[in-house]
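Summary of the model geometry
The residues making up each chain are set out below.
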Amino acid sequence: MDGKEQKASQDGILRGSDGVYRWVHELKLLKNPSILFVVWKILGGVFVGIWLFVMLLSMGDSNFWWHGFLSLSKVFALLTLGMLALCLIGYLFYAALMGGKYCVQFEMDEHGIRHTQITKQFKRARVLSAIAVLLGARSGNIGAMGAGLLSGSRQSMYSRWSSIKSVDVYPRRNLIKLNAPLNKNQIYVRDEDFAFVRQYILSHCPKARLRE
């Protein structure tokens, strides 16, 4: 430490002379599968939306109730379970490639908070992204190409306090979710610093809805 930084009120977080709080968190991907839960939630929401859309289109068909309804629901249920299982396999592969850990640095000040994946791991993620793009191109799957490009295009995510609409707090998972339009940021904090970071965030987002 060069004397320009000092510890914040909680051990493990440093406050620089620029007024920015900084810390690094190492998330154990198998012990704390928060990232997997987010992917499952998004994927499940997409399939439910498609299911509802297909149901609305099919309601006018003869003999839809109940045979058609049950058949379509069964197909979508199996597809959803299959995709969730594939996501789990992909997550395990990702965890193995990353050495079982997701390392991230946070920078927090009066204006907002930045979530930055550690550069060494980001380079590995870039390799996965390139593979996804190439596979998507060979198979003609535009969705896979888009997902691959997107996954490797962002090393850092920034959330401005004024844009936060709701805050989700999960102490047991060392996780605080910041929800804003088109921006979902996940803040990871160790046990000893959790109360400090939680209070700091809430004090800067007085209009945000708290869910814990």
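The model shown is predicted, which means the values in this text are computed figures rather than measured ones. (Residues numbered from 1 in each chain as written. Predicted model: local features only at pLDDT ≥ 70, side-chain atom pairs only at ≥ 80, totals over all residues. Heavy atoms only, no water.)

Attention now goes to the pattern of salt bridges. Applying the stated criterion across every chain yields a total of six salt bridges. Among the salt bridges present, the one from Arg211 reaches Asp168, with a minimum N-O distance of 2.6 Å. Taken as a pair, Arg211 in strand 10 (residues 209-211) and Asp168 in strand 7 (residues 166-170) lie far apart in primary sequence, 43 residues in all. For Arg198, the salt bridge goes to Glu212, with nearest N and O atoms at 2.9 Å. Note that Arg198 is positioned in helix 5 (residues 191-204) and Glu212 in the segment after strand 10, a separation of 14 residues in sequence. Judged by its relative accessible area of 22%, Arg198 falls in the partly exposed class. (Salt bridge = Lys/Arg side-chain N within 4 Å of Asp/Glu carboxyl O. Helix = DSSP H or I, 4+ residues; strand = E, 2+ residues; numbered from the N terminus. Buried < 20%, exposed > 50% of the residue type's maximum accessible area, 1.4 Å probe, protein only.)

With 75% of its residues at a pLDDT of 70 or more, the protein chain shows a mean pLDDT of 78. Scored below 50 in pLDDT, residues 1-11 shows 23 contacts in the model against residues more than four places distant or in partner chains. (pLDDT = per-residue confidence, 0-100. Contact = heavy atoms within 4.5 Å.)

For the rest of this paragraph, the subject is the packing of aromatic side chains. Enumeration over the complete set of coordinates arrives at six aromatic pairs. Summarising the aromatic geometry, the rings of Tyr21 and Phe196 are spaced 5.4 Å apart at their centres and angled 65 degrees between planes, so their arrangement reads as edge-to-face. With a gap of 175 residues between them, Tyr21 in strand 3 (residues 21-28) and Phe196 in helix 5 connect regions that are remote in the sequence. When its relative accessible area of 12% is taken as the criterion, Tyr21 is described as buried. (Phe/Tyr/Trp six-rings, centres within 6.5 Å; stacked < 30°, edge-to-face > 60°.)

Once that is clear, we can look at the side chain of Lys177. Relative to the helices and strands, Lys177 resides in strand 8 (residues 175-180). In this view, Lys177 contacts Val38, Ser166, Val167, Asp168, Tyr170, Asn185 and Gln186; residues no more than four positions away in its chain are not counted.

With that settled, the discussion passes to the nonpolar core. Counting 33 residues, the largest nonpolar core has Trp23, Met108, Leu178, Val197 and Ile201 as the members making the most contacts within it. Of all the elements in the fold, those that place two or more residues in this core are strand 3, helix 2 (64-97), strand 4 (101-108), strand 7, strand 8, strand 9 (183-188) and helix 5. Met108 has contacts with Gly19, Val20, Tyr21, Trp23, Ile113, Trp161, Val197, Tyr200 and Ile201, leaving out every residue within four places of it along the chain. (Core = buried A, V, L, I, M, F, W, Y, C linked by side-chain atoms within 4.5 Å.)

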